[in-house]
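# Geometric and topological summary
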Amino acid sequence: MNSRGQDYLNHLLKKANEYISYGIQEGCYDADMFKDMNSDDLIAFYRSESDRGDYAYESAKEEGI
């Protein structure tokens, strides 16, 4: 992998950690959920939750909420 690819993965991992830390702080997630996750798992979780949030936002917007 070239350095740009690694930089992108590092960026995603940073965003994932920020998202998860905020979720733990707000009581949305339990820290134990993440203790056995590797970097790839954390990024996948972040992407999944982010996509789910985007979908919910778009759906609400379409319904005029």
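Scope of this entry: the structure provided in the associated data block. Starting from 1, residues in each chain are numbered consecutively following that chain's sequence as written. It should be noted that, the model being predicted, local features are given only for residues of pLDDT at least 70 and side-chain atom pairs only at 80 or more, the latter also being counted only at that level, while totals for whole chains, interfaces and linings use all residues. Think of the side-chain values as coming from all heavy atoms in the structure, minus any hydrogens and water.

Attention shifts here to the pattern of salt bridges. Just to be clear on terms, a salt bridge is a Lys or Arg side-chain nitrogen sitting within 4 Å of an Asp or Glu carboxyl oxygen. Within the structure shown, the criterion is met by three salt bridges. Between E49 and R52 there is a salt bridge whose closest N-O contact spans 2.8 Å. Separated by three residues within a single helix, E49 and R52 lie in helix α2 (residues 39-62), roughly one turn from each other. One salt bridge connects K61 with E58, and the closest N-O pair in it is separated by 3.6 Å. In DSSP terms, a helix is any run of H or I states spanning at least four residues, a strand is any run of E spanning at least two, and both are numbered starting from the N terminus.

The next point concerns the packing of aromatic side chains. Planes of paired rings set the category: under 30 degrees apart is stacked, over 60 is edge-to-face and the rest tilted, where pairs are Phe, Tyr or Trp rings (Trp by its six-membered ring) whose centres lie within 6.5 Å. Summed over the entire model, instances satisfying the criterion amount to five aromatic pairs. On the basis of an interplanar angle of 85° and a centroid distance of 5.8 Å, the ring pair of Y29 and F34 is categorised as edge-to-face. Only protein chains enter the accessibility calculation, which uses a 1.4 Å probe; a residue whose area is less than 20% of its type maximum is buried, one above 50% is exposed, and one in between is partly exposed. Residue F34 is classed as buried on the basis of its relative accessible area, which comes to 9%. Feature note: the residues Y19, Y29, F34, F45 and Y46 constitute an aromatic cluster, connected by ring pairs.

A word on helix α1 (residues 3-25). Every α-helical turn comprises 3.6 residues, leaving residues that sit three or four positions apart pointing alike. Given a rise of 1.5 Å per residue, 23 residues ought to cover 33 Å, and the 32 Å separating the end C-alpha atoms of α1 matches this to within 8%. Every buried residue belonging to α1 is among L12, A16, I20 and G23, and all of these are buried. Two residues form a contact once any of their heavy atoms are found within 4.5 Å. Each element contacted by the buried residues of α1 is listed here: α2. Under the convention used throughout, the expected extent of a helix is 1.5 Å for every residue step, that is, one less than its residue count.

Another aspect to go through is the nonpolar core. Grouped burial of nonpolar side chains is what soluble globular proteins tend to show. Residues grouped as a nonpolar core are buried Ala, Val, Leu, Ile, Met, Phe, Trp, Tyr and Cys residues, joined through side-chain atoms within 4.5 Å. In this structure, I20, Y29, F34, L42 and F45 together form the largest nonpolar core, which totals five residues. Filtering out sequence-adjacent residues up to four positions away, F34 remains in contact with I20, I24, Y29, L42 and F45.

Moving on, we come to α2. When the terminal C-alpha atoms of α2 are compared, their 35 Å separation across 24 residues agrees well with the 34 Å that a helix rising 1.5 Å per residue should span. Among all positions in α2, only L42, I43, F45, Y46, E49 and S59 are buried. In the core, the buried residues of α2 are packed alongside α1.

What follows concerns the packing of α1 against α2. Contact geometry of α1 with α2 gives a least axis separation of 9 Å together with a crossing angle of 65°. Classified by the angle their axes make, α1 and α2 are roughly perpendicular. α2 is crossed by α1, and the crossing has left-handed handedness. When α1 is examined against α2, the residues Y8, L9, L12, L13, K15, A16, N17, Y19 and I20 are found in contact with a partner set consisting of S39, L42, I43, F45, Y46, R47 and E49. Its residues assigned to classes, the contact of α1 with α2 shows eleven nonpolar, two polar and three charged. Here, axes are lines fitted to C-alpha atoms. For helices the fit covers the stretch in contact, and angles between N-to-C directions go from 0 to 180 degrees. Angles are sorted into four bins: roughly parallel if under 35 degrees, roughly antiparallel if over 145, roughly perpendicular if 65 to 115, and oblique for all others. Crossing handedness is read from the near helix: turned anticlockwise from the far helix by less than a right angle, it gives a left-handed crossing, and turned clockwise, a right-handed one. Ten residues, namely Ala, Val, Leu, Ile, Met, Phe, Trp, Tyr, Cys and Pro, are considered nonpolar, four, namely Asp, Glu, Lys and Arg, are considered charged, and the remaining ones, Gly among them, are considered polar.

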